[in-house]
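Observations on chain architecture
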Amino acid sequence: MTFFYHILSLLLAIIIVPVFTILSFFAKHKFKFLKHHFGFIPKIKKEEGKILWLYALSLGEVKAAAPILKKIHEKNLNLQIVVSVTTDSGYEGALKHLKIAENIFFHPLDCLPFTWLARIRIQPDIYVVVDTGFWPGLIDQLHKQNTSIILVNGRISRRSASGYLKAGSLIRNMFQQFNLLCMQNNNSQQTMVALGVNPEKIEVVGDPKFDSLQAMTDNDINRLRQYYKLEETTPVWIAGSTHAGEEEIILNAHQQLKEKHPCLVLILAPRRIERVDEIAALLEKKSISYCRRSLLENSEPDSVILLDTIGELASIYSLGQVVFIGRSLIEPGGGHSLIEPLSHGVAVLHGPYIENIDHVADEAHKQSVAFTVRNSEEIEEKVDGLLKQKDYRRRLASKAKSFINDQQGAAEKMATIMFKFLEP
């Protein structure tokens, strides 16, 4: 099956080049670094030591990789590290969080001529995939070259597993070609076994995102609050990483909440910044006063602050008394990370569709620091209740921070595992 995949990718390369070139023109960085996608990545000059090629699909994977690479770099200073990404946000995040990397570039498309050229230009000793984002063609080539292949922070949802099963032997063979699969949780481990992977190749290690959290002092939070022109007594709730359809539900709840909490401010942060104008139009349609974050310096905060900048959400969670996490209210959903708001001790709400984060959500629910809401009425009721119970929120904050501390340590474990594959 893999042989036919290579042949098909060779034929499709002729079509992919012009089509991808046109599509990348509309991206922020992809067109500038277009040649990377076709295998012309920065060539690595082999020095003393070994080469680690890490692939982090987007910003979330980059953040998960950061503490692992830091730990492994401390163990082996001669190691040359290169990082490839797929998205613009991943590229910007890698520049910010993975400064120890010798080169950062866009991952080649999984067509035989592109991946073959990239592999020759890097000649890695170890190839590391973070979380998800599997390229069967490249993995097959690296396996045949006896390159160590490792998955870290691995997770497989039930929906993804169903798709992999439909792909037949191609995906099953690919997972067998990994030397080791470090999974986040037992559910993902069991799914891998169901896909036919040798259990001896699978290890449950945890989630390194717990180790990448940036602590904020009270002074940091006060400065951020002043920048957003929010009084310490101003009630704030935050809707983070929202997707299409969720904003209307959230704003309906906010309008009801304003009747009980007239000073309440909502910080609304869509997952994709390209949707800001669409959400602004919705706010105007509902006659809700709002201010874009980028214009806040010359304005006063309104009922809603619309976040139209990148890279601030994780710290902004510290300003809220309650946080809602998006991509969870509307099917198929999947959910985004609960870790950042919980690290600030904030009560967290999410919708019922959280397959991608259920391992964290399950533990957070056991500790009673996360809550499920299904519609605007339930959001309004839960936020109202939490805003009125300051002592209860204080107890939640203590439990949330303890929960975060208990989950840390995965980055050290993964770095130790990877280091073994780099030893002579």
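Residues numbered from 1 in each chain as written. Predicted model: local features only at pLDDT ≥ 70, side-chain atom pairs only at ≥ 80, totals over all residues. Heavy atoms only, no water.

What to know about the overall build of the protein chain
Heads up, the rule is: A run of H or I in DSSP counts as a helix once it spans at least four residues, and a run of E counts as a strand once it spans at least two, with each numbered from the N terminus. Note on method: radius of gyration uses C-alpha positions; expected globular size equals 2.2 Å times residues raised to 0.38. Classification of residues uses two cut-offs on accessible area relative to the type maximum, computed with a 1.4 Å probe and protein chains only: under 20% is buried, over 50% is exposed, and between them is partly exposed. Each accessible area is a Shrake-Rupley estimate made with a 1.4 Å probe; only the visible protein chains count as cover when residues are assessed. For the purpose of counting charges, residues Lys and Arg are taken to be positive, whereas Asp and Glu are taken to be negative. His and the chain ends are not included. All charge positions are set by atom: Lys at NZ, Arg at CZ, Asp at CG, Glu at CD.
Along its length, the protein chain carries 18 helices and 14 strands. A compact globule built from 424 residues would reach a C-alpha radius of gyration of about 22 Å, and the protein chain, at 23 Å, matches this within 12%. Here the protein chain, with 424 residues, has 54% of them falling under the buried criterion. Here the protein chain displays about 19,600 Å² of accessible surface, and carbon together with sulfur accounts for 52% of that area. One finds the centroid of the 49 positive side-chain charges in the protein chain at a distance of 4 Å from the centroid of its 47 negative side-chain charges.

Comments concerning the sheet that holds strand 14 (residues 370-372)
Our working definition: Pairing between strands is defined by DSSP: at least two bridges between them are needed. Fitting a line to C-alpha atoms yields each axis, with helices limited to the stretch in contact; the angle taken between N-to-C directions then spans 0 to 180 degrees. Should any heavy atoms of two residues lie within 4.5 Å, those residues are counted as being in contact.
The parallel open sheet is built from seven strands, whose spatial order is 10-11-9-8-12-13-14. A strand with exactly one partner marks an edge of an open sheet, and here the two such strands are strand 10 (290-292) and strand 14. Mean inter-strand twist for the sheet, computed between neighbouring axes without regard to direction, equals 20°. This element, helix 12 (residues 276-285), spans strand 9 (265-270), strand 10 and strand 11 (304-306) of the sheet and lies at about 165° to strand 10.

Considering the packing of aromatic side chains
As a reminder of what qualifies: Classification of ring pairs rests on two measures: the distance between centres of Phe, Tyr or Trp rings, Trp counted by its six-membered ring, which must be within 6.5 Å, and the angle between planes, read as stacked under 30 degrees, edge-to-face over 60 and tilted in between. Both a distance and an angle decide whether a charge sits over a ring: NZ of Lys or CZ of Arg must be within 6 Å of the ring centre and within 35 degrees of the ring normal.
Counted under the stated rule, the structure contains 18 aromatic pairs. Relative to Phe 175, the ring of Phe 134 has its centre 5.1 Å away and its plane inclined at 80°; by these criteria the two rings are edge-to-face. In this pair, Phe 134 is assigned in the loop between strand 4 (126-130) and helix 6 (136-144) and Phe 175 in helix 8 (residues 169-176), connecting sequence segments 41 residues apart. On the basis of relative accessibility, which here comes to 14%, the residue Phe 134 falls in the buried class. A cation over a ring is seen here: Lys 382 above Phe 371, with NZ or CZ 4.2 Å from the ring centre.

Considerations on the sheet that holds strand 6 (residues 180-183)
Ordered by their spatial adjacency, seven strands build an open sheet running 3-2-1-4-5-6-7, and the pairing between neighbours is parallel. Strand pairing shows two members of the sheet lacking a second neighbour, strand 3 (103-106) and strand 7 (202-204), which therefore form its edges. Neighbour to neighbour, the strand axes of the sheet diverge by 20° on average, direction disregarded. Contacts between helix 9 (residues 186-194) and the sheet are confined to strand 5 (148-154), strand 6 and strand 7, with strand 7 contributing the most and set at about 170° to the helix.

Some points on the pattern of salt bridges
Let me state the cut-off plainly: Take a side-chain nitrogen of Lys or Arg and a carboxyl oxygen of Asp or Glu: if they are within 4 Å of each other, that pair is a salt bridge.
Applying the stated criterion to the full structure yields 20 salt bridges. The shortest N-O distance in the salt bridge between Lys 75 and Glu 412 comes to 3.2 Å. Highlighted residues: Lys 75 in helix 3 (residues 59-75) and Glu 412 in helix 18 (residues 410-422), separated in sequence by 337 residues. Note on Glu 412: relative accessible area 32%, which makes it partly exposed. Residue Arg 155 pairs with Asp 131 through a salt bridge whose shortest N-O separation is 2.8 Å. Taken together, the residues span a long stretch of sequence, with Arg 155 in the loop between strand 5 and helix 7 (158-166) and Asp 131 in the loop between strand 4 and helix 6 at a distance of 24 residues.

Focus on the pairing of strand 9
Strand 9 sits mainly inside the fold: six of its six residues count as buried. Of the two faces of strand 9, both are covered, the one formed by Val 265, Ile 267 and Ala 269 as well as the one formed by Leu 266, Leu 268 and Pro 270. Note: strand 8 (residues 236-242) against strand 9, six bridges, orientation parallel. Bridge assignment links Ile 238 to a residue of strand 9, and that residue is Ile 267.

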